[in-house]
Amino acid sequence: DEASKDVHVDRNTCGSCTMGKPRVLVVSRRHLRKDKWVDFVGELHLDLVLEHGAVPVVVPRVPLTKKVIDAFEPFHGMLVVEGEDIDEEIASKYGHKVYNVDELLPGAVALDREKVKQLHASDTATDTSKDELEFAFIKRVLKKGIPYLGLCRGSQLMNVAMGGTLYMDVETEIGGVQHIDYKNYDGHRHNIRIVPGTPLEEWFGPQDAMPVNSYHHQGVRKLAEGLKPMAYTEDGLIEAYYDPSQLFRVGLQFHPERMLHENPNGAKIYSAFVEAVKKYHKQREFRIFKIWNKFRTAPPLDDWDRKQAEMIGATVHNYRGSRFFVDDAEGETHNHTDKNSKQKNSTDQTRAVSWSHHPDLHG
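Before going into details, it helps to say that this report is about the structure given with it. What you see is a predicted model, and the numbers here were worked out from it, not measured in a lab.

## What to know about the packing of aromatic side chains
And step 1. Applying the stated criterion across every chain yields a total of five aromatic pairs.
And step 2. Between Phe75 and Phe137 the ring centres are 5.7 Å apart and the planes differ by 85°, which places this aromatic pair in the edge-to-face class. Of this pair, Phe75 sits in the loop between strand E4 (55-59) and strand E5 (77-80) while Phe137 sits in helix H5 (residues 128-144), and the two are 62 residues apart along the sequence. You'll find Phe75 and Phe137 in the same group, each marked buried.
And step 3. Between the aromatic rings of Phe248 and Phe273, the centroid separation amounts to 5.5 Å while the plane-to-plane angle is 50°, which identifies the pairing as tilted. In this pair, Phe248 is assigned in the loop between strand E12 (238-242) and strand E13 (249-252) and Phe273 in helix H9 (residues 267-292), connecting sequence segments 25 residues apart. Exposure class is identical for Phe248 and Phe273. Each is buried.
And step 4. Through successive ring pairs, a cluster of aromatic residues spans Phe72, Phe75 and Phe137.

Printed below as a string of structure tokens:
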């Protein structure tokens, strides 16, 4: 192929063309220890991601991280786990509404926020830096279709990001099932009913009353459009959901990683998640490398070009008679240009590629 002869891909600098392990982002939490804040992520999560073949990348939840968020690209999966209640102001900044008091379901009651804080003093605090970072990364997840696993707070966060809402306090608003027991924190269990034909049934088998751990005082009130329930508690609360249109987008209100000793099937969730991460990683590697190897000059942009750019999550530009596709999803910068044009402009410091109407690139 004459076009590919014009391409020089430096595999030492082209991050999209190296077949390394896929990266799963997880934003840290903070803990006050000896009068100093310490960032951490539970090792159970990290071990399970590593065990199944991906590399967890811990994102520090400090405020300055927001300024260098592009440095964490490329990533091929996102894991969001336990944490504090979602900050309503930060959610609003991203166009989301956490609670909707006009959306009370049958049997629900209005809440006194101060009373909720008294009941759950250790959980109702918020972490604005963590929320800011996770909403920013989730925005990219939604745009690119990046695999996502949300546990406990992570399931609530994705639901809100997609337009759903939460109960401010489940037991006060609907009652019937105890969802958190501070006196028996790790030992507390309640039952869930798994919806037949869902991924959760594939992982755990048919279950009408499967005991799960429970550490939450909030939960899904309105499930976002596109998400489908996978499990309910006896009080009707949605305990798990998924998005059937995506490679992997799953939210679980319980913690499978903390009960593997009694139900080892929980590891299947991480296995399925990481397999989806690997698949996403390979798809991106193939598409980007394929485009790099079709480097040639081209006429002005048209709708077909823009459609193809959108398919791979890229931005399309014209520069000196050539079409350039700048890959937004990977985020690294490179200096690959048409060597015959001898372009030295600093604006070429992007990972760019010119495009042609080559039949191999359709679809």
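Picking up where we left off.
## Focus: the pairing of strand E3 (residues 36-40)
And step 1. Where strand E2 (residues 29-33) lies against E3, five bridges are found, and the strand directions are antiparallel. Bridging across to E3, Leu32 finds its partner in Trp37.
And step 2. Remark: two residues form the turn of the hairpin made by E2 and E3, two consecutive strands paired antiparallel; Lys34 in that turn has positive phi of roughly 55°.

Reading the values: the criteria
- Residues numbered from 1 in each chain as written.
- Predicted model: local features only at pLDDT ≥ 70, side-chain atom pairs only at ≥ 80, totals over all residues.
- Heavy atoms only, no water.
- Phe/Tyr/Trp six-rings, centres within 6.5 Å; stacked < 30°, edge-to-face > 60°.
- Helix = DSSP H or I, 4+ residues; strand = E, 2+ residues; numbered from the N terminus.
- Buried < 20%, exposed > 50% of the residue type's maximum accessible area, 1.4 Å probe, protein only.
- Pairing = 2+ DSSP bridges.

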